[in-house]
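Here is what each chain is made of, one letter per residue.
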Amino acid sequence: MAVKIQEFSNVEYPANPALLSKNYQRYSNRKLTLIKKDDTHFDFVLEPTNKTTAKIVIKNIDLKLLIPKTPEWLKKDKDLALITFIEREWNRQQVTFTANSENIEISGGDGFELQNITEVALTNNCLNAGFWEIALFTKEDGNKTLYYQGWFDFPIGHYKNIFENANKISYWDYWWRLEHWQEPSGAIIKNNLLRNVIDEKVALTNFPLDEKIISSGEQSRKVRTTLTKNLTTWRDFYSNQQEIQFATFRTPGFYDPEQSWNTQYWRIGKFEKATLRNIKPISSESNLQEIELLFSDTKTGEKNRLFIGGVNLKDLPKLAISDYTKGLSMPLGIGVPPFFQSYEDLQKKHPDESPFFSYLLDSQDRWINHHQLGVDGSIMHLDKDNPNLVHLYLLSYERNTLIAHFVVNL
């Protein structure tokens, strides 16, 4: 079937945080055709409308891996299943392919794309069900640059069928929440259904509030989508002197500085302590770890907790702080994939089989809408020189900036 694809010029999308190629917009005005191969496998065909542009096919993609699926062992708890589904849909999942991948076919055009495409990306955007995009990359001066980006609505009829094929439940039980961004207010998270605690201890943890904000990679490019000015240290996010605002990420999948996204950082305004646990996830044969960060709401005094678990902390990469972007970068959620991942890696590590979990809870174990609060994920790595130290960073709404840097002593 033909699917309408939308493209934006630099004038139409001045806030685009991507590193743009000098060839951006030179190979545009494409058409998109979706071809169903079987119940879950599809081809995405980018058709040219002129002789200079190549035909590009993303072939035989198993969309069970890009559409929300809850782990079998969570289906018995309606709140955990619900959180799994909406976090899969509300978090970005960008899957990449190298140009020479067996899933990529490039033909025709003036030769530029045949010779210079380095990567193709297919993304289920962090929006309501169906808002997807395709991006094409090349390399210039040693840097990956974006030269084509197109947004489209993945057909909801196909989405529904794949959802039901993967989950063996009715799409109609969840469709309104998935398509209309309705948060699961009041959902209770039962930690014991995710893992059993082996032991725990308070971990000596440093949160240097006066440390200068660290920025690299994606965060450096997103300065233009951070609307609040004069942010220089971590303390500035929690001072209550000004509301922290970002450009809203809205349909079909772009940043709009004219529409601000307000945050609620006072809910994690005062860091209290960190607890380190050895755990046995329900879904894993291995013993793993969990870090709980306890915060006080500086307006109400409420105790709110951030859990990050299902990780072997000793297996984290050893990095310098300046290389934090190479650490384990994950969204909040249960059974979620990384924000960015190769299709090859995704096939090996199905999200619904992952023991990883991360969420914010209040003192009554009620799920906190962290998107509204303004935290979309975390990055972790071991210290380059001391393997007993974990550097843990919190990512803001839409990963625009880091908002905290904790150093946890194991």
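Bear in mind the structure is a predicted one, so any value in this text is a computation, not a measurement.

Caption draft 1: Representation of the overall build of the protein chain in the model. Helix and strand counts for the protein chain stand at seven helices and 25 strands. The C-alpha radius of gyration of the protein chain comes to 21 Å, within 12% of the 22 Å expected for a compact globule of 410 residues. Projected onto its principal axes, the C-alpha positions of the protein chain cover 65 × 50 × 40 Å. In the protein chain, buried positions account for 57% of the 410 residues. Across the protein chain, every contact between residues at least 6 apart in sequence was considered, and the portion connecting residues at least 24 apart equals 62%.

Caption draft 2: Focus on the sheet that holds strand β4 (residues 41-47). Ordered by their spatial adjacency, five strands build an open sheet running β1-β3-β4-β5-β7, and the pairing between neighbours is antiparallel. Each edge of the sheet is formed by a strand with only one pairing partner; in this case those strands are β1 (2-3) and β7 (104-107). Strand direction decides the pairing type here: strand β5 (residues 55-62) and β7, joined by four bridges, are antiparallel. Each residue of the ladder has a partner; that of Lys 55, found in β7, is Ser 107.

Caption draft 3: A look at the environment of Thr 401. Inspection of the secondary structure assignment puts Thr 401 in the loop between β24 (389-396) and β25 (402-409). For the pair Thr 401 and Ile 213, spaced 188 residues apart in the sequence, the C-alpha separation amounts to 8.6 Å.

Caption draft 4: Highlighting the sheet that holds strand β2 (residues 5-6). Read across the sheet, six strands follow the order β2-β10-β9-β8-β6-β21 without closing on themselves; strand pairing throughout is mixed. At either margin of the open sheet sits one strand with a lone partner, and together these are β2 and β21 (340-342). Relative to strand β9 (residues 131-140), strand β8 (residues 119-124) runs antiparallel, the two sharing six bridges. Looking at β9, one finds that Ala 121 is bridged to Ala 135.

Caption draft 5: Just the side chain of Thr 145, in detail. You can see Thr 145 is positioned in strand β10 (residues 143-153). Owing to a relative accessible area of 4%, Thr 145 belongs among the buried residues under this scheme.

Caption draft 6: Structural view of the packing of aromatic side chains. Overall, the coordinates contain 39 aromatic pairs when judged by the stated rule. Arranged with centres 5.3 Å apart and planes meeting at 40°, the rings of Tyr 324 and Tyr 393 form a pair that is tilted. Here Tyr 324, found in the loop between β18 (318-319) and β19 (328-331), pairs with Tyr 393, found in strand β24; they are 69 residues apart in sequence, far enough to count as distant. Comparing Tyr 324 with Tyr 393 shows no difference in burial state: the two are buried. Through pairs of rings, three or more aromatic residues link up here, namely Phe 85, Tyr 159, Phe 163, Tyr 171, Trp 172, Tyr 174, Trp 175 and Trp 176. In this structure, Arg 30 packs its charged tip against the face of Tyr 148, placed 4.8 Å from the ring centre.

Caption draft 7: Seen up close, the pairing of strand β14 (residues 254-262). Two elements, strand β13 (residues 245-250) and β14, share six bridges in a ladder whose sense is antiparallel. Considered in β14, the bridge of Gln 245 is made with Asn 262. As consecutive antiparallel partners, β13 and β14 are separated by three residues, and within that stretch Gly 253 has a phi angle of approximately 150°, a positive value.

Caption draft 8: Quick peek at helix α1 (residues 78-90). The terminal C-alpha atoms of α1, which comprises 13 residues, lie 18 Å apart, in line with the 18 Å expected from a rise of 1.5 Å per residue. α1 sits mainly inside the fold: 12 of its 13 residues count as buried. Buried residues belonging to α1 abut β6 (93-98), β8, α3 (156-167), α4 (175-180), β20 (333-334) and α7 (370-373). Where α1 begins, one side-chain oxygen reaches toward the backbone nitrogen of Asp 79, 3.3 Å away; that side chain belongs to Asp 77.

Caption draft 9: Structural detail: the pattern of salt bridges. Evaluated as defined, the whole model comprises 23 salt bridges. Among the salt bridges present, the one from Arg 399 reaches Glu 398, with a minimum N-O distance of 4.0 Å. A residue is classified by how much of its surface remains accessible, and Glu 398, at 3% relative accessible area, is buried.

Caption draft 10: Quick peek at the nonpolar core. Counting 59 residues, the largest nonpolar core has Phe 44, Phe 152 and Phe 154 as its most contacted members. Other than its neighbours up to four places away in sequence, Phe 154 contacts Leu 34, Phe 44, Leu 63, Ile 67, Gly 130, Trp 132, Tyr 159 and Ile 162. Core analysis: the next-biggest nonpolar cluster, separate from the first, contains 58 residues, Ile 244, Phe 249, Leu 293 and Val 375 among them.

Caption draft 11: Representation of unusual backbone geometry in the model. The omega torsion across Thr 251 and Pro 252 is 5°, close enough to zero to call that bond cis. For Pro 252, the location among the structural elements is in the loop between β13 and β14. Here the phi dihedral of Asn 230 falls at roughly 60°; this positive angle occurs in a residue that is not glycine. Note that Asn 230 resides in the loop between α5 (217-221) and β13. Judged by relative accessible area, Asn 230 falls into the exposed class, the value being 69%. One non-glycine residue with positive phi stands out, namely Glu 398, at about 55°. Of note, Glu 398 is situated in the loop between β24 and β25.

What counts and what doesn't
- Residues numbered from 1 in each chain as written.
- Predicted model: local features only at pLDDT ≥ 70, side-chain atom pairs only at ≥ 80, totals over all residues.
- Heavy atoms only, no water.
- Helix = DSSP H or I, 4+ residues; strand = E, 2+ residues; numbered from the N terminus.
- Rg over C-alpha atoms; globule rule 2.2 N^0.38 Å.
- Buried < 20%, exposed > 50% of the residue type's maximum accessible area, 1.4 Å probe, protein only.
- Contact = heavy atoms within 4.5 Å.
- Pairing = 2+ DSSP bridges.
- Phe/Tyr/Trp six-rings, centres within 6.5 Å; stacked < 30°, edge-to-face > 60°.
- Lys NZ or Arg CZ within 6 Å of the ring centre and 35° of its normal.
- Expected span 1.5 Å × (residues − 1).
- Polar contact = N/O pair within 3.5 Å; in protein donor to acceptor, adjacent residues only side chain to side chain.
- Salt bridge = Lys/Arg side-chain N within 4 Å of Asp/Glu carboxyl O.
- Core = buried A, V, L, I, M, F, W, Y, C linked by side-chain atoms within 4.5 Å.

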